[in-house]
Amino acid sequence: MTFYDGQPVRNRGRIDLGQSYDLYFEESGNPEGLPVLYLHGGPGAGMDASARRFHDPSTYNLIMYDQRGAGLSKPYAGIALNDTSLLIEDIEQLRNHLGIEQWIVSGGSWGSTLALAYAEAHPARCSNLVLRGVFLGTRDEMHWVNQGMRKLFPLEWLECVEGMSEAEQDHLHSTIRARLSGQDREAAVRAAIALAKFEWIAATVNPDLKEIEAELTPEFSLQYSQIVCHYVMNDFFIDPDQLIREIGKVHGIPGYIVQGTCDWVCPPWSAVRLHRAWPGSRLLLLKGAGHSSSEPAVAEAMWGTMEELKGLAS
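These numbers were taken from a predicted model, which means no experiment stands behind them.

Caption draft 1: Representation of the overall build of the chain within the structure. Across its full length, the chain holds 12 helices and eight strands. In terms of C-alpha radius of gyration, the chain reaches 19 Å, essentially the compact-globule figure of 20 Å for 314 residues. Principal-axis analysis of the C-alpha atoms gives the chain an extent of 60 × 45 × 40 Å. Considering only contacts within the chain whose residues lie at least 6 apart along the sequence, 72% involve residues at least 24 apart. When the accessible surface of the chain is summed, it comes to about 13300 Å², and 52% of that surface belongs to carbon and sulfur atoms. Here the chain contributes 26 positive and 40 negative side-chain charges, whose respective centroids are spaced 2 Å apart.

Now the structure itself:
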């Protein structure tokens, strides 16, 4: 197994979405290759350049972009016009801008949620779906994040909620959102970093604290936390159990699901539910692997899946 590290970006661009929003995108690999859209997580985390290593640049035309308010898309941390239906429209604008008829759609964590929502809205545009660390946008899953993860990471949880009352802890994202909206920038930065750090630590089986702390700059953490709290507080702008209820819309699309059994952010029951509801989907349930695409077993499975799909180019 050889990862495709060090891929250069072939093309960078922006699309005007209207009403002061724009979308930043990048292309790498073969301009005549199989188109792959890779959707980042969060919401609000921005593009993950390491995803390029899963995609053979001689075979794939890999498209990645920053969703509304995230990364280099503008406005920074914008939430006024930011919901799942608009993100789906943005994907279609990007597809039309690039002149792509149909593409493989891939994503991890929130990216898997958005990939499913997009495919259910536009099934004819998706040749295959590749989903990692499945999240279905349900209140049950968010209850786990708010109530279950704290029991697995008690010290990290206490650090995250330091100074909060019990009531504030039970409504973590609304508490963080209130601090982000306040006049005290120092308190806002502290809250934003605490939330992101708690989630980042839970995302890997053996977290590297120095690496995490270096990544969670004030600018990134404020942007990420503002957008993720906005989505959490609005139930991700998805109706209850919508993605499972409407799964019949993608029954003709081959699906590949990569899931770690030690994924503490998006536990495997959602991946199993999705697999059981989606005839013809394939579930790779990886023993002992966590949530992040940097987990060795998860990275190997993502790479192997994209190697298998290279056959579509024949």
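Back to the write-up after that little detour.
Caption draft 2: Local environment of the pairing of strand 6 (residues 126-132). Of all seven residues in strand 6, six are buried, a share of seventy percent or more. Pairing of strand 5 (residues 103-108) with strand 6, which is carried by six bridges, proceeds in the parallel orientation. The partner of Ser106 across the bridge, within strand 6, is Val130. Crossover connection from strand 5 via helix 2 (residues 110-121) to parallel strand 6: handedness right-handed. Strand direction decides the pairing type here: strand 6 and strand 7 (residues 255-260), joined by four bridges, are parallel.

Caption draft 3: Representation of the UniProt feature "domain: AB hydrolase-1" (unreviewed entry) in the chain in the model. Under the UniProt annotation, "domain: AB hydrolase-1" (unreviewed entry) lies at residues 35-293. A distance of 21 Å separates the end C-alpha atoms of residues 35-293, which is 45% helix and 14% strand.

Caption draft 4: Spatial organisation of the UniProt feature "active site" (unreviewed entry) in the chain. The UniProt record marks Ser109, Asp263 and His291 with the feature "active site" (unreviewed entry), using the residue numbering of this structure. Over a stretch of 183 residues, the named residues converge on one spot in the fold, their C-alpha atoms separated by at most 10.3 Å. With relative accessibility at 12%, the residue Ser109 sits in the buried group. Among residues more than four places away in sequence, those in contact with Ser109 are Arg132, Gly133, Phe135, Cys266 and His291. When you line up the elements, His291 lands in the loop between strand 8 (282-286) and helix 12 (296-309). Its relative accessible area of 8% is what places His291 among the buried residues. Leave out the neighbours within four places in its chain, and His291 touches Ser109, Arg132, Gly133, Ala203, Asp263, Val265 and Cys266. In this structure the side chain of His291 is engaged in a polar contact, spanning 3.0 Å, whose partner is the side chain of Ser109.

What counts and how
- Residues numbered from 1 in each chain as written.
- Predicted model: local features only at pLDDT ≥ 70, side-chain atom pairs only at ≥ 80, totals over all residues.
- Heavy atoms only, no water.
- Helix = DSSP H or I, 4+ residues; strand = E, 2+ residues; numbered from the N terminus.
- Rg over C-alpha atoms; globule rule 2.2 N^0.38 Å.
- Contact = heavy atoms within 4.5 Å.
- Areas by Shrake-Rupley, 256 points an atom, 1.4 Å probe, with all protein chains shown as cover.
- Lys, Arg positive; Asp, Glu negative; His and termini not counted.
- Charge placed at Lys NZ, Arg CZ, Asp CG, Glu CD.
- Buried < 20%, exposed > 50% of the residue type's maximum accessible area, 1.4 Å probe, protein only.
- Pairing = 2+ DSSP bridges.
- Right-handed = clockwise from strand over helix to strand, strands pointing away.
- UniProt positions renumbered as here; feature names shortened; annotations may be inferred.
- Polar contact = N/O pair within 3.5 Å; in protein donor to acceptor, adjacent residues only side chain to side chain.

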